[in-house]
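What follows is the residue order along each chain.
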Amino acid sequence: RSTVGSMTGFFPVFRKHFVKTPMAKAMGLVEGHLSYNSELGQCPNCEGKGHTVVEMQFLEDIILECEDCHGRKLKPLYADISDGKMTVHEAYSQPLAEVIESIKLTPKFERIFEHMKLLNLDYLSLDRKITSLSGGEKQRIYLLSKLQKKIENSIIFFENISFGLSIIELEKLCLFLQDLAKNGNTIVVIDQNPVFEKIANNLVKFD
């Protein structure tokens, strides 16, 4: 059930935002009511999956959109809670770049979102499953999840990080690495892609 929201830590930030809305307060909701991994909030019919599976004996199983939540994974009453600009479901399912302006972020999550933009990941939605991402997207999400804390004056090793990335994504990644280096970190990249030669202070080549 890993998603972009769980890997980046943004889901709790959004849930905190929505439980403070007048509607959620009037209903006495807690963060669990807005999580499809919690029995408090998940649709009981599909158990927070958004779909049901019809098992076939001799054919592939048939996956159908849940009739109760219509793929939203949450109980409809909770999925429709609004802050006046968007509902919980819209906040979870739309690109992060389109919904983040409505959310008050701490300095930590402002930094994480800036890194997401540098890594060209801000077009993803919070409920996007990790298993549905491309190889390059997965790699950058995992990289971001490991570097959520502000790292300073450290030696950081990256190996074969260009795998599966386009030239545009690599250029974004280079900006990300340079950003890490500004905090006094020493970045060691073990990779054959020549794009890193443009930003390297020192090169070590092996035959």
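Just so it is clear, the model here is predicted, and its values are computed rather than measured.

S.K.: Describe the confidence of the model for the protein chain, naming the residues involved and giving the relevant values.
M.R.: Averaged over all residues, the pLDDT of the protein chain equals 88, while 99% of them reach at least 70. Mean pLDDT in the protein chain bottoms out at helix H8 (residues 135–146), which sits at 82, and peaks at helix H5 (residues 88–93), which reaches 96.

S.K.: Explain the environment of Thr186 to me, and be specific about the residues and the numbers.
M.R.: With respect to the helices and strands, the residue Thr186 is situated in strand S4 (residues 186–190). Sequence-wise, Thr186 and Ser154 are 32 residues apart; in three dimensions their C-alpha atoms are separated by 6.2 Å. Ignoring sequence-local partners within four residues, the contact set of Thr186 consists of Ser154, Ile155 and Ile156.

S.K.: Go over unusual backbone geometry, please, and point to the residues and values.
M.R.: With the exception of glycine, most residues fall at negative phi, and the peptide bonds are largely trans. Here the phi dihedral of Glu47 falls at roughly 55°; this positive angle occurs in a residue that is not glycine. Assignment of secondary structure puts Glu47 in the loop between helix H3 (22–27) and strand S1 (51–54). Looking at Glu47, the relative accessible area reads 44%, which means it is partly exposed. Even without being a glycine, Asn153 presents a positive backbone phi close to 50°. You can see Asn153 is positioned in the loop between H8 and strand S3 (155–159). In this structure Asn153 comes out as exposed when scored by relative accessible area, which is 64%.

S.K.: How would you sum up a nonpolar patch on the surface? Please name residues and give values.
M.R.: Together, Val54, Met56, Phe58, Leu59, Ile62 and Leu64 make up a nonpolar patch on the protein surface, roughly 590 Å² of accessible area in all. Take Met56: it is sitting in the loop between S1 and strand S2 (62–65). Judged by relative accessible area, Met56 falls into the partly exposed class, the value being 32%.

S.K.: So what's going on with the pairing of S3? Which residues, and what values?
M.R.: Residues Ile156 and Phe158 of S3 are buried on one face, while the alternating residues Ile155, Phe157 and Glu159, pointing to the opposite face, are not. Relative to S4, S3 runs parallel, the two sharing 5 bridges. The partner of Ile155 across the bridge, within S4, is Thr186. As a crossover connection, the stretch from S3 through helix H9 (residues 167–181) into S4 is right-handed.

S.K.: Please give an account of the pattern of salt bridges that cites residues and values.
M.R.: Per the stated rule, a full pass over the model turns up 4 salt bridges. In this structure, the salt-bridge partner of Lys16 is Glu31, at a minimum N-O distance of 3.6 Å. Remark: Glu31 occurs in the loop between H3 and S1 and Lys16 occurs in helix H2 (residues 10–19); sequence separation between them is 15 residues. By relative accessible area, Lys16 is classed as partly exposed at 41%. Glu31 gets classed as partly exposed once you look at its relative accessible area, which sits at 28%.

S.K.: Quick rundown of the packing of aromatic side chains? Include the residues and the values.
M.R.: Within the structure shown, the criterion is met by 3 aromatic pairs. Between Phe11 and Tyr92, the ring centres sit 4.9 Å apart and the planes meet at 75°, which makes this aromatic pair edge-to-face. Of the two residues, Phe11 sits in helix H2 while Tyr92 sits in helix H5, which places them 81 residues apart along the sequence. Look at Tyr92 and you get buried, because its relative accessible area is 3%. The rings of Phe11, Tyr36 and Tyr92 are connected pair by pair, giving a single aromatic cluster. Lying across the ring of Tyr36, Lys73 places its NZ or CZ 4.7 Å from the centre.

S.K.: Please give an account of the nonpolar core that cites residues and values.
M.R.: The nonpolar side chains of a soluble globular protein tend to be buried with one another. Counting residues in hydrophobic clusters, the biggest one holds 51 residues, and the most contacted among them are Phe10, Phe14, Leu34, Tyr92, Leu96 and Leu173. Apart from residues no more than four positions distant in its own chain, Leu96 is found in contact with Phe10, Phe14, Phe113, Met116, Asp122, Leu124, Ser125 and Leu126.

S.K.: Explain the state of the cysteines residue by residue, including any values.
M.R.: With the rule as written, the count across this model stands at 0 disulfides. With no disulfide partner, Cys43 has as its closest neighbouring cysteine sulfur the one in Cys66, 3.7 Å distant. Cysteine Cys46 shares no disulfide, and the gap to the nearest cysteine sulfur, in Cys69, comes to 3.7 Å.

Rules behind the numbers
Residues numbered from 1 in each chain as written. Predicted model: local features only at pLDDT ≥ 70, side-chain atom pairs only at ≥ 80, totals over all residues. Heavy atoms only, no water. pLDDT = per-residue confidence, 0-100. Helix = DSSP H or I, 4+ residues; strand = E, 2+ residues; numbered from the N terminus. Contact = heavy atoms within 4.5 Å. Buried < 20%, exposed > 50% of the residue type's maximum accessible area, 1.4 Å probe, protein only. Patch = residues over 30% accessible without salt bridge, like charges linked within 9 Å, V, L, I, M, F, W, Y side chains within 5 Å. Areas by Shrake-Rupley, 256 points an atom, 1.4 Å probe, with all protein chains shown as cover. Salt bridge = Lys/Arg side-chain N within 4 Å of Asp/Glu carboxyl O. Pairing = 2+ DSSP bridges. Right-handed = clockwise from strand over helix to strand, strands pointing away. Phe/Tyr/Trp six-rings, centres within 6.5 Å; stacked < 30°, edge-to-face > 60°. Lys NZ or Arg CZ within 6 Å of the ring centre and 35° of its normal. Core = buried A, V, L, I, M, F, W, Y, C linked by side-chain atoms within 4.5 Å. Disulfide = S-S within 2.5 Å.

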